[in-house]
Amino acid sequence: MVRYFVAISSALLTFALGQLAIIAVIQFGHALPHYGLSGLDIFQLFVAFLDWSACIAAVVVGVALSPKHKLPVAVGLSSAVALWHLAQILVVISFAEAIGTGIVPLSIIYYGGLIVTGALCCLVYERVSGSSELGRRQALAAISGPSVYKQALSNVDAESIPLESGFFDFDLILLEDELLKILPDRDAYISALRLGMAIERDCGYVNCRARSSSFAELMRDVSMRLSATYEDELVWVSMANGFRQYKTEECETRRGRIAALLELLDDDRYRPSYVEKREPVLSA
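Per chain, the residues get numbers from 1 upward, laid out in the order the sequence is written. Restriction of local features to residues with pLDDT of at least 70 applies here, the model being predicted, together with a cutoff of 80 or more for giving and counting side-chain atom pairs; totals for whole chains, interfaces and linings are based on all residues. Hydrogens and water are ignored here; the side-chain numbers use all heavy atoms of the structure.

Novice: Give a detailed account of the environment of Ser79, specifying residues and quantitative values.
Specialist: Working definition: helices are DSSP H or I runs of at least four residues, strands are E runs of at least two. Numbering for both runs from the N terminus. With respect to the helices and strands, the residue Ser79 is situated in helix α3 (residues 70-94). Each residue gets one of three labels from its accessible area relative to the maximum for its type: buried under 20%, exposed over 50%, partly exposed in between, using a 1.4 Å probe on protein chains only. Relative accessible area serves as the criterion here: at 36%, Ser79 is assigned to the partly exposed category. For the pair Ser79 and Gly118, spaced 39 residues apart in sequence, the C-alpha to C-alpha distance is 8.7 Å.

In structure tokens, the structure reads:
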């Protein structure tokens with residue numbers, strides 16, 4: 001807010017200084033006939049130039065000093081300057097008889113100020129809109145380009161170098177969120193293990209990430225939860241230790257570990273209790 005206040009104050013001060021310069025020029029112009037000079041119209045044109053320059057300077061200074069939201073600042077300053085000129089036009093019209101022939105140059109000055117201010121506001125709008133549109137196009141071009149994830153995987157030798165992914169997997173994020181909600185349940189934890197390892201297998205054994213944990217960290221946490229169920233405790237502790245080593249292992253080792261664990265979980269002992277076992281149908 002302080003920077004906006006400084007920007008607006010500086011713009012209005014610039015405009016006020018321009019108006020003071022106009023007063024000084026008018027006073028100097030009235031003194032010229034005493035020195036034998038004529039052609040006061042030249043000074044009236046100079047006054048018009050000063051007024052229009054003050055309008056331009058006020059808007060430019062305000063926009064340049066504002067940190068952002070430049071278009072609203074430009075519109076606000078343009079409106080303030082336009083109101084000043086409208087007030088001057090009303091004064092000129094109200095005292096037209098007293099002003100006499102001077103009403104024409106004054107009208108040109110103040111109507112010209114309105115036109116210049118409006119044109120400058122339109123120019124700022126085009127510049128700001130053009131910059132925003134350019135930024136949107138660049139962002140869209142970046143999004144529509146090749147996947148960064150696939151590019152990273154293609155640059156790594158999956159057969160010899162352990163992969164540590166810095167990229168997030170949406171499915172693993174959902175799983176992580178779900179683990180915060182589910183009640184402590186052995187079947188739910190085993191299902192979470194199956195789902196997590198399936199996600200990691202589909203990602204190419206890269207130890208993909210959720211919001212706050214990597215795949216290995218998340219699976220180690222689930223394994224430790226299962227170890228607290230006091231059913232096959234040693235199996236789950238061994239599984240947790242394996243996931244602790246997972247991030248340092250090579251891809252082939254990871255593939256073998258995941259395959260072995262998925263095969264282990266396919267054992268009837270670890271199938272969910274709500275899955276009914278089908279009995280063989282004997283023909284009569």
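Alright, that's what it looks like, and here's the rest.
Novice: Describe a nonpolar patch on the surface, and please don't skip the residues or the numbers.
Specialist: For patch building, the residue pool is restricted to those with more than 30% relative accessible area and no salt bridge; the joining distance is 9 Å between like charges and 5 Å between nonpolar side chains (Val, Leu, Ile, Met, Phe, Trp, Tyr). For every accessible area listed, the method is Shrake-Rupley and the probe measures 1.4 Å; residues are considered covered only by the protein chains on display. For salt bridges, the criterion is a side-chain nitrogen of Lys or Arg within 4 Å of an Asp or Glu carboxyl oxygen. On the surface, a nonpolar cluster with roughly 400 Å² of combined accessible area is contributed by Val2, Phe5, Val6 and Leu65. The dominant element in the nonpolar patch, judged by the number of residues it contributes, is helix α1 (residues 2-31), at three residues. Inspection of the secondary structure puts Phe5 in helix α1.

Novice: I'd like to hear about the side chain of Ser66, residue by residue, with values.
Specialist: Structurally, Ser66 can be placed in the loop between α2 (41-65) and α3. Residue Ser66 is classed as buried on the basis of its relative accessible area, which comes to 2%. Should any heavy atoms of two residues lie within 4.5 Å, those residues are counted as being in contact. Those residues in contact with Ser66 that lie beyond four places of it in its chain are Tyr4, Ala7 and Val73.

Novice: Lay out the packing of aromatic side chains in plain terms, naming residues and giving numbers.
Specialist: Two rings from Phe, Tyr or Trp (for Trp, the six-membered ring) form a pair when their centres are within 6.5 Å of each other. A pair whose planes differ by under 30 degrees is stacked, one over 60 is edge-to-face, and the rest are tilted. Within the structure shown, the criterion is met by three aromatic pairs. On the basis of an interplanar angle of 85 degrees and a centroid distance of 5.8 Å, the ring pair of Phe215 and Phe243 is categorised as edge-to-face. Of this pair, Phe215 sits in helix α9 (residues 215-227) while Phe243 is found in helix α10 (residues 233-246), placing the two residues 28 residues apart along the sequence. Taken individually, Phe215 and Phe243 each receive the classification buried, so the pair is uniform in this respect. When the ring of Phe215 is compared with that of Tyr246, the centres are 5.4 Å apart and the planes differ by 65 degrees; the resulting orientation is edge-to-face. Placement of Phe215 in helix α9 and of Tyr246 in helix α10 is noted, with a sequence separation of 31 residues between them. On the basis of relative accessibility, which here comes to 0%, the residue Phe215 falls in the buried class.

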